[in-house]
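# Examining the three-dimensional arrangement
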Amino acid sequence: MTDLPTHTEKKLGLVIDLDTCVGCHACVVSCKGWNTENYGAPLSDMDAYGAEPVGTFLNRVHSYEVQPEQGFAQTVHFPKSCLHCEDAPCVTVCPTGASYKRLEDGIVLVNESDCIGCGLCAWACPYGARELDQVEGVMKKCTLCVDRIYNNNLPEEDRVPACVRTCPSGARHFGDLGDPDSEVSQLVEARGGMDLMPEQGTKPVNKYLPPRPKDTWEEVDILAPLLTPVAAEPKGFLGWLDKALEKL
């Protein structure tokens, strides 16, 4: 079994805005691409073009229709990956020590050379955030792109997880949630960020920003700006043509 560190120097994690996530799955695709080519064994796909394709993913997006007590029903897109919990049961249950939490940044990782694919960590995780790669026989999970965020060969703006860099709606944020002055901590404070399933006692580092209430419904005509007259009276050639046609 593996012991958890009593403290970590940083608490790197994600803040996911459920109000602005549009469920496009760009984060899923970028995560799959980066982690297939870089950290650890490639993420497998089996029968990818067949009737029942199966594959390993570190990040998935689920969509739900939610009916608030007041107001209109909402569609909420819910991205889910490893939450890098402070009290991670997936670490303490691992019989080989393959699953561990880093002291320097709090990221939970799997040493694939020590993983025997027993699946105990997947059973222990209350969020279903780990997947067994059927081809490699090892457990896979979000790494926060640890091979990317510290890569000095990349431009500074690219030293964030692939899912954060790719998100077109700006719904994913990355930083040190152990620093109360960091942008992510300030965002959590301002928007009332919350833990996923806090009753489990795992103290997840990742936070979710709740959807804003949609109390009113305003119809928007997206073509209206294009149909607005550019001038009250035609001028130039069009003005002359308009007058000429009136005399016919």
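Preceding this section is the structure that the text describes.
Here we summarise the structure given alongside this text. As the structure is a computational prediction, the values presented were derived from the model and not from experiment.

## A word on the sheet that holds strand S10 (residues 172-176)
One open sheet holds the 3 strands; their spatial order is S10-S1-S11, and the pairing between them is mixed. Strand pairing shows two members of the sheet lacking a second neighbour, S10 and strand S11 (207-209), which therefore form its edges. Each adjacent strand pair in this sheet contributes to an overall mean axis angle of 25°, direction not counted. Pairing of strand S1 (residues 12-17) with S10, which is carried by 5 bridges, proceeds in the antiparallel orientation. Within the sheet, the bridge partner assigned to Ile16 lies in S10 and is Arg172.

## Some details on unusual backbone geometry
Even without a glycine there, the phi angle at Cys145 is positive, about 50°. Assignment of secondary structure puts Cys145 in the loop between strand S9 (138-140) and helix H4 (146-149). Phi at Lys203 is positive, roughly 55°, even though this residue is not glycine. One can find Lys203 in the loop between helix H6 (183-191) and S11. You can call Lys203 exposed: its relative accessible area is 51%.

## Details of the packing of aromatic side chains
Summed over the entire model, instances satisfying the criterion amount to 2 aromatic pairs. Ring geometry for Phe78 versus Tyr208: centroids 4.7 Å apart, planes at 15°, classification stacked. Of this pair, Phe78 sits in strand S5 (residues 74-80) while Tyr208 is found in strand S11, placing the two residues 130 residues apart along the sequence. Accessibility classification places Phe78 together with Tyr208 in one group, the buried group. Positioned above the aromatic ring of Phe57 is the side chain of Lys32, whose terminal nitrogen or guanidinium carbon lies 4.1 Å from the ring centre. Positioned over the ring face of Trp34 is Arg148, at 4.7 Å from the centre of the ring.

## With respect to the pairing of S1
Across the 6 residues that make up S1, a large majority, 6, are buried. Side chains Leu12, Leu14 and Ile16 of S1 all project onto a buried face; the interleaved residues Gly13, Val15 and Asp17 project onto the opposite face, where all are buried too. Where S1 lies against S11, 3 bridges are found, and the strand directions are parallel. The residue of S11 that forms the bridge with Val15 is Lys207.

Definitions and cut-offs
Residues numbered from 1 in each chain as written. Predicted model: local features only at pLDDT ≥ 70, side-chain atom pairs only at ≥ 80, totals over all residues. Heavy atoms only, no water. Pairing = 2+ DSSP bridges. Helix = DSSP H or I, 4+ residues; strand = E, 2+ residues; numbered from the N terminus. Axes fitted to C-alpha atoms, helices over the stretch in contact; angles between N-to-C directions. Buried < 20%, exposed > 50% of the residue type's maximum accessible area, 1.4 Å probe, protein only. Phe/Tyr/Trp six-rings, centres within 6.5 Å; stacked < 30°, edge-to-face > 60°. Lys NZ or Arg CZ within 6 Å of the ring centre and 35° of its normal.

Such coordinate-based values are descriptive only and should not be taken to indicate function.
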